[in-house]
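# Results of the structural survey
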Protein chains: 2
Amino acid sequence: MIQKLMEKIRRTGAPIVVGLDPMLGYIPEHITKRAFEEKGETLDGAAEAVWQYNKEIVDAVWDLIPAVKPQIAMYEQFGLPGLAAFKKTVDYCKEKGLVVIGDVKRGDIGSTSQAYACGHLGKVSVGSKTYYPFDEDFITVNPYFGIDGVKPFLDVCREEDRGIFLLVKTSNPSSGEFQDQLVNGRPLYELVGEKVAEWADTCMDGQYSNVGAVVGATYPEMGKVLRKIMPKCFILVPGYGAQGGKAEDLVHYFNEDGMGAIVNSSRGIIAAYKQEKYRKFGPENFAKASRAAVEDMIADINGALGRR
Amino acid sequence: MIQKLMEKIRRTGAPIVVGLDPMLGYIPEHITKRAFEEKGETLDGAAEAVWQYNKEIVDAVWDLIPAVKPQIAMYEQFGLPGLAAFKKTVDYCKEKGLVVIGDVKRGDIGSTSQAYACGHLGKVSVGSKTYYPFDEDFITVNPYFGIDGVKPFLDVCREEDRGIFLLVKTSNPSSGEFQDQLVNGRPLYELVGEKVAEWADTCMDGQYSNVGAVVGATYPEMGKVLRKIMPKCFILVPGYGAQGGKAEDLVHYFNEDGMGAIVNSSRGIIAAYKQEKYRKFGPENFAKASRAAVEDMIADINGALGRR
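About the thresholds
All chains use their own residue numbering, which begins from 1 and follows the written sequence. Lettering of chains starts at A and numbering of ligands starts at 1, both following the order in which they are written. Whole-chain, interface and lining totals are the exception, using all residues; otherwise, since this is a predicted model, local features are given only for residues with pLDDT of at least 70 and side-chain atom pairs are given and counted only at 80 or more. Processing note: side-chain calculations cover all non-hydrogen atoms of the structure and skip hydrogens and water entirely. When DSSP finds at least two bridges between two strands, those strands are taken to pair. Helix and strand assignments follow DSSP, with helices taken as H or I runs no shorter than four residues and strands as E runs no shorter than two, numbered in order from the N terminus. In this description, a line fitted to the C-alpha atoms serves as the axis of each element, helices being fitted only across the stretch in contact, and the angle between N-to-C directions of two axes falls anywhere from 0 to 180 degrees. In this analysis, two residues are considered to be in contact whenever any of their non-hydrogen atoms come within 4.5 Å of each other. UniProt positions are given in the numbering used here, feature names are shortened, and annotations may be inferred rather than shown by experiment. Relative accessibility decides the category of a residue: with a 1.4 Å probe and only protein chains considered, values under 20% of the type maximum give buried, values over 50% give exposed, and everything between is partly exposed. Between N or O atoms, a polar contact is any pair within 3.5 Å; within protein, one atom must be a potential hydrogen donor and the other a potential acceptor, and residues adjacent in sequence are included only when both atoms are from side chains. For this overlay, a least-squares fit was computed on C-alpha atoms, restricted to residues scoring pLDDT of at least 70 in both copies. Stacked, edge-to-face and tilted are the three classes for Phe, Tyr and Trp ring pairs, Trp counted by its six-membered ring, which pair at centre distances within 6.5 Å; planes under 30 degrees apart are stacked, over 60 edge-to-face, the rest tilted. Over a ring means this: the NZ of a Lys or the CZ of an Arg is within 6 Å of the ring centre and within 35 degrees of the ring normal.

Let us now look at the sheet that holds strand E7 (residues 163-169) of chain A. Residue and element names in this part refer to chain A. Strand order in the closed barrel formed by 8 strands is E1-E2-E3-E6-E7-E12-E13-E14, with parallel pairing between adjacent strands. On average, adjacent strands in this sheet sit at an angle of 30 degrees to one another, irrespective of strand direction. Two strands pair when backbone bridges link them, and strand E3 (residues 99-106) and strand E6 (residues 138-141) are joined in this way by 3 bridges, in the parallel orientation. For Ile101, the partnering residue across the bridge sits in E6 and is Phe138. In this fold helix H10 (residues 220-229) packs onto E7, strand E12 (211-215) and strand E13 (235-237), with an angle of close to 130 degrees to the strand it touches most, E7.

Listed below in structure tokens is the structure:
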């Protein structure tokens, strides 16, 4: 699966991923209004607004980008209708040829992780039939349980040619509270990174692994170290843009081959029309604003990569 | 909310929780057969079997126990129909007066944790209306992101009188891979436990906090230490029975007042009819086997508590 992602990155020239994390507050009024007229001010109405918003953005940017990353929490907050909008979004993005990274951050003891792995990346058996319930290409995974919570995901990655990104160093301000604690003089995230590199070796797909890591754009010095610890892992980099990460800081997340990292922006793209820079588009043309923001992000990152 | 749980523990005399973690392999054939006849060998059929199985177990044990803990992964693996069965199970258990602990182990950066907190414990606004989408009483939370990933859950606990159990030391064999790493000479789980105790102080409900901890039954020595570190926290204890935890080992998870811990059993109860001890009930009477297993578990734990 990482080969598919790499091929799409090469074709688009865009080592980026658009985070489809729709908050109701981002969605232009004309869309929510229409959705509420149709389905009421209900969870179904909210889910419909989310779906229409996503669809218009995807239609506007799909040819520029290799991948999308829907954050399932933003859908799950609207209950079952929200999760139906998540599934619809996953399916639609796959139809458009996009690689879908489900940002689900699941992880549990072995038997439970296996259920998550089957539900999101793999298949379940029902009597004599099998189904791929959520059918994402990649998902994010929380490694706090250690190898027996991770192994079921690795198994499914191998069996189904799917991928995962394990949390190593997250982008939020307090990520250091536990992740930076020194273990034998080295931060815990380095230890996690070493384990991820080991696990990655067991899931190779060409010169890279189907097992990658999440390292926040907001900690570039740590990203530099982690790049070396996990040479065959793609790094999924949240925190660019709205959270404060800058393109110059991110060049060290990439390998010499220009591969090995994919930078996410969510709010900065999907709610671009709310920024001063893209305000001229207006709420009616929010998706065009998103397209312009994608083009600017690609130029920003490729510019920084060119200058290194 | 912890007061409600305590009152139910007092009334039933049962400091236990039944884990509703239905694997298709546990469900007696007469139930799956009927469900597949009605809905086909589909995700809907699987979800229907899960729901019928749960309902029969809940009907058989609800008067003996204070709480249930559905593990969402076991439902999520069947996609949207599975999640609908989860929601149906939550609602039904609440109707029966049971406290519902959603074992969801969510956790992310602040804005994302907020969405999970609203979706599972709190409410979301849609236009002028508000909804409680999943509406559990407690959920389990992964603390790997540090305080800003936890705070949105604490806020909802205070606003809505709900509760959480934060993962401190999980029950699985490899939990030590990261959780036991020594930080300044002390294991990481102790550091996490200290933070949980701090956070718990901000969410008090009587003499206990609405913020508790998950500590596996499989690590009794650690449970003893963590009991002291988090005196006002309830400890949710997975790993009893099928995973190997014994009642004698668990007495130190309780405080002197006989409160402060609630021991979970999943497979050991819901698939009791498959054990030699309860085989006489037969698959047709699987729910009666579950009731007998609940009675035995209560006697086992109370016996050990009496002997300490």
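There is more to say, and it comes next.
The next point concerns the UniProt feature "active site" (unreviewed entry) in chain A. UniProt records the feature "active site" (unreviewed entry) at A:Lys105, using the numbering of this structure. The buried category is assigned to A:Lys105, whose relative accessible area is 10%. Excluding anything up to four places from it in sequence, A:Lys105 contacts A:Gln71, A:Thr140, A:Val141, A:Asn142, A:Leu167, B:Gly107, B:Asp108 and B:Phe145. Side-chain polar atoms of A:Lys105 contact the side chain of A:Asp103, separated by 2.8 Å.

The next subject is the relation of the copies chain B and chain A. Rotating chain B by 180 degrees about the axis while translating it 0.0 Å along that axis superimposes it on chain A, leaving an RMSD of 0.0 Å. Put plainly, the chains are arranged around a two-fold axis. Judged by C-alpha distance, B:Val183 is the residue of chain B that lies nearest the rotation axis, at 2.7 Å. With an isologous cut-off of 70% or more, the 100% of interface residues of chain B that recur at the interface of chain A puts this contact in the isologous class.

With that settled, consider the packing of aromatic side chains. The description of an aromatic ring pair rests on the distance of the ring centres and on the angle between the ring planes. Within this structure, the stated rule accounts for 17 aromatic pairs over all chains. When the centroid spacing of 6.3 Å and the interplanar angle of 65 degrees are considered together, the rings of B:Tyr273 and B:Phe286 count as edge-to-face. With B:Tyr273 in the loop between helix H12 (267-270) and helix H13 (286-307) and B:Phe286 in helix H13, this pair connects stretches of sequence that are 13 residues apart. As far as the burial class goes, B:Tyr273 and B:Phe286 line up, both buried. Ring pairing ties together the aromatic residues A:Tyr53, A:Tyr273 and A:Phe286, which thus form one cluster. We note A:Lys169 situated over the ring of A:Tyr219; from NZ or CZ to the ring centre the distance is 4.1 Å.

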